[in-house]
Amino acid sequence: MALVDFTSPAARDWYAGKLEALLAQGVDCFKTDFGERVPVDVAYADGADPERMHNYYTYLYNRTVFDVLRKHRGEGEAVVFARSATTGSQKYPVHWGGDCEATYESMAESLRGGLSLGLSGFGYWSHDIGGFEGTPTPALFKRWLAFGLLSSHSRLHGSSSYRVPWLFDEESVDVLRQFTRLKLSLMPYLYEAARTASAEGVPVMRAMVLEFPDDPGCAHLERQYMLGSDLLVAPVFSDDGDVSYYVPEGTWTHYLTGRTVTGPRWVRERHGFDSVPLLVRPGAVIPVGAVADRPDYDHADGVTLRAYDLGRGARVTVSVGEVSFTVVREGDTLRASCSDPSLSWSLAAGGRTRSGSGFLTLELG
């Protein structure tokens, strides 16, 4: 392994030139692996202290790569897949947690580390589904699939074996398909969470205490998280599917089944491989896309606004790309409007759905 001295403008330009040659061949972006194994018995061009450079080196490394991509692909298209980071590296997204092991313990450790990263100002974080080192059991792989697809970005990746689902069992194919389709249908919601991360610095995957700072029950939680502001995710860390998680105050709704649970309290459940605790926050309106086989579609076209436990007098505004929706509850009636009167969309609540354009009303049972 050779190290580039990124404190040297000439070295940065030389390295950038190598990347530009790859971009000319059609490469879209780069995975900036490593960056943390920096020796101290070196001399930097700018005279920097080698000890202090251990963290800063990775910042200069990723900045160099990101700047090349921004120059050639534009501000909105530049992205790296970065492993090492330090203060300020959130400006060069996205990141993942490095070489975790294929165990439930490491799966939980990965989540703990990712939530810590989010609390440190990083907006987008993920992990290798199934763990990197070793080979997961089919059960672990399927549990990790649910967790991985309900992360800000998702990747099947490993060291000593392939992570394609059909090498584990047929059920793994079904589980991957189901949670992939779930994520793609949630793209209108996830896109807004990503925009918030970019504009406001609030991470896509949030420690519970970040959303509920006044709930002492959330202060220590590290095995569950909020995906965006309104979806609670509690990954399953066992073969048998037993999982315990904390529900804050209010009546929450299981997204996959419609079953409700009222907090604040701890809940214990058992889930199959095709399920995971995914709960909708009371008073939320979740925009669900009409497409589930790709992420890059018109998220507003045919979107369904799913309203959950809106209180009387509640007013919720939801953004889907450049389009905004407003949902108001008046008595037992939901009234919703769209900023684009030509758009076809739907409003759903309590098992009922109304479809149309412009302005929709829905009577609650």
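The structure this text deals with has already been given above.
Residues numbered from 1 in each chain as written. Predicted model: local features only at pLDDT ≥ 70, side-chain atom pairs only at ≥ 80, totals over all residues. Heavy atoms only, no water.

*Asks:* What's the story with the pattern of salt bridges in this structure? I'm lost.
*Replies:* Should the charged atoms of two oppositely charged side chains come close, the side chains can pair. The full count for this structure, using the stated rule, is 26 salt bridges. Asp67 serves as the salt-bridge partner of Arg70, at 2.6 Å between the closest nitrogen and oxygen. Of this pair, Arg70 and Asp67 are both found in helix H2 (residues 53-73), three residues apart, which corresponds to roughly one turn of the helix. Arg70 sits in the partly exposed class, given a relative accessible area of 28%. Asp67 sits in the partly exposed class, given a relative accessible area of 33%. Where salt bridges share partners, they join Lys31, Asp33, Glu36, Arg83 and Asp99 into one cluster. (Salt bridge = Lys/Arg side-chain N within 4 Å of Asp/Glu carboxyl O. Helix = DSSP H or I, 4+ residues; strand = E, 2+ residues; numbered from the N terminus. Buried < 20%, exposed > 50% of the residue type's maximum accessible area, 1.4 Å probe, protein only.)

*Asks:* Where do I start with the pairing of strand E15 (residues 315-320) in this structure?
*Replies:* Strand residues, when the strand is regular, have side chains that alternate between the two faces of the sheet. Only one face of E15 is buried, namely the one carrying Val316, Val318 and Val320, since none of Arg315, Thr317 and Ser319 on the opposite face is buried. With antiparallel pairing between neighbouring strands as the criterion, E15 and strand E16 (residues 323-330) make up a hairpin whose turn holds two residues, including Gly321 at a positive phi of roughly 65 degrees. (Pairing = 2+ DSSP bridges.)

*Asks:* What am I meant to see in unusual backbone geometry here?
*Replies:* Across the chain, the bulk of peptide bonds are trans and the bulk of non-glycine residues have phi less than zero. Here the amide bond leading from Pro93 into Val94 is cis, since omega sits at 5 degrees, within 30 degrees of zero. Mapping Val94 onto the fold places it in the loop between strand E2 (80-82) and strand E3 (95-96). In the Ramachandran plot, Asp309 falls in the positive-phi region, its phi being about 55 degrees despite a non-glycine side chain. Position of Asp309 among the secondary structure elements: in the loop between strand E14 (304-308) and E15. We classify Asp309 as partly exposed; its relative accessible area is 47%.

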